[in-house]
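Single-letter residue listing:
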Amino acid sequence: MRKTRTAAALGALSLALTLVACGGGGDSTGGGETASGIVGKASSQHKLVIGVKNDQPGLGLQTGNTYTGFDVEIAKIIAKGLGVPDTGIEFKTTVSSNREPFIQQGQVDLVVATYTINDERKKVVNFAGPYFIAGQDLLVPTASTITGPEALAGKKVCSVTGSTPAKRIQTDYKNVQLQQFDSYSKCVTALAGGQVDAVTTDDIILAGYATQSQYQGKFKVVGKKFSEEPYGIGLKKTDVAGCNKINDILRASASDGSYQAAWDASLKASGAAAPKLDVSKLTNCPAA
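Bear in mind that the values here come from a model prediction, so they are computed numbers and not experimental data.

### Quick notes on the sheet that holds strand S6 (residues 110–116)
- Taking strand neighbours across the sheet as the criterion, the 5 strands line up as S5-S1-S6-S13-S7 in an open arrangement whose pairing is mixed. One side of each edge strand has no neighbouring strand; the edge strands of this open sheet are strand S5 (89–93) and strand S7 (125–134). Strand-to-strand twist of the sheet, defined as the mean angle between neighbouring strand axes without regard to direction, takes the value 25 degrees.
- As judged from the 5 bridges shared by strand S1 (residues 48–52) and S5, these two strands associate in the parallel manner. Its bridge partner lying in S5, Ile50 is registered against Phe91.

### Re the side chain of Ser96
- Looking at where Ser96 falls in the secondary structure, it is placed in the loop between S5 and helix H4 (99–105).
- Judged by its relative accessible area of 4%, Ser96 is buried.
- Reaching out from Ser96, the side chain makes a polar contact with the side chain of Lys53 at a distance of 3.3 Å.

### Some remarks on the sheet that holds strand S3 (residues 60–63)
- Overall, antiparallel pairing links the 3 strands, which are arranged S2-S3-S4 in an open sheet. Of all the strands in the sheet, the pair left with one neighbour each is strand S2 (55–56) and strand S4 (66–68).

### Considerations on the side chain of Asp71
- With respect to the secondary-structure elements, Asp71 resides in helix H3 (residues 70–81).
- It turns out Asp71 is buried and unbridged, and the closest side chain with the opposite charge, Lys53, is 7.2 Å from it.
- Here the side chain of Asp71 touches Thr114 through a polar contact of 2.8 Å, landing on its backbone nitrogen.
- Setting aside residues no more than four positions away along its own chain, Asp71 makes contact with Leu59, Val112, Ala113, Thr114 and Tyr131.

### Details of the nonpolar core
- Grouped together as the largest cluster of nonpolar side chains are 55 residues, with contacts concentrated most on Phe70, Ile74, Tyr131 and Ile233.
- Among the elements that line this core, the one with the most residues is H3, at 7 residues.
- Discounting chain neighbours no more than four positions away, the residues touching Ile74 are Val112, Tyr131, Ile233, Tyr259 and Ala262.
- The next biggest cluster of nonpolar side chains, apart from the first, holds 10 residues, and it includes Phe102, Val108, Ala113 and Phe127.

Conventions adopted
- Residues numbered from 1 in each chain as written.
- Predicted model: local features only at pLDDT ≥ 70, side-chain atom pairs only at ≥ 80, totals over all residues.
- Heavy atoms only, no water.
- Pairing = 2+ DSSP bridges.
- Helix = DSSP H or I, 4+ residues; strand = E, 2+ residues; numbered from the N terminus.
- Axes fitted to C-alpha atoms, helices over the stretch in contact; angles between N-to-C directions.
- Buried < 20%, exposed > 50% of the residue type's maximum accessible area, 1.4 Å probe, protein only.
- Polar contact = N/O pair within 3.5 Å; in protein donor to acceptor, adjacent residues only side chain to side chain.
- Lys, Arg positive; Asp, Glu negative; His and termini not counted.
- Salt bridge = Lys/Arg side-chain N within 4 Å of Asp/Glu carboxyl O.
- Contact = heavy atoms within 4.5 Å.
- Core = buried A, V, L, I, M, F, W, Y, C linked by side-chain atoms within 4.5 Å.

Below you can see the structure in the form of structure tokens.
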């Protein structure tokens, strides 16, 4: 009987040792914790799916299979800091209305898409950043007499469904006729065709459209910001470790020159002054 019990105990010990040797207890970090979320995926697969816009010149623009812009460059910085090369990134087009669902459903690991951090969104996703502070403004024809939001009464203004700028117009400027599309490029096309009087979104997005060759000299950004829009990097609400890691990467980018290089590669031509990344404003990545 004693031999039988001894053999059973030895067998159990052998199985336990085999599981540990083979990683049967999960992907363990040096601290004995299981690596999960984007940190775990990046470490084990060296791949990430990142949601970006595809129709915003200078920020997120798709040409063929290639995505370019400031958000794209920031995404590459984050991926590199997580150990994922450019070749391991799959960029996936997102629009304003599907960013939260894409994160929640796991269709993307991260969203870097002119994504304003606000309390409503923080209920369902986590945010690292902000990596840029924009401001809502107006794009109008060069000859327009619109001087700011106070001059929009009775005017037709276009923005994107589900976006922060559209909601602000609905809430704060109720005498405006709001036209909504699923992309800003459609709004700009409507402005060029005279169907609307202005397009509203963040100033840097509008500047990108105004500098496109087909619109040069036709549009102007009013230059009277009426909001503050902190752009964040969205990820799953439960991924606090991933959020903190991204903030660490952003801190490093502010001092190693990569943040400045991202701006120079994408938005320097717009004439807008290069921003300084204020690391003191990075979020504290609250737990779910």
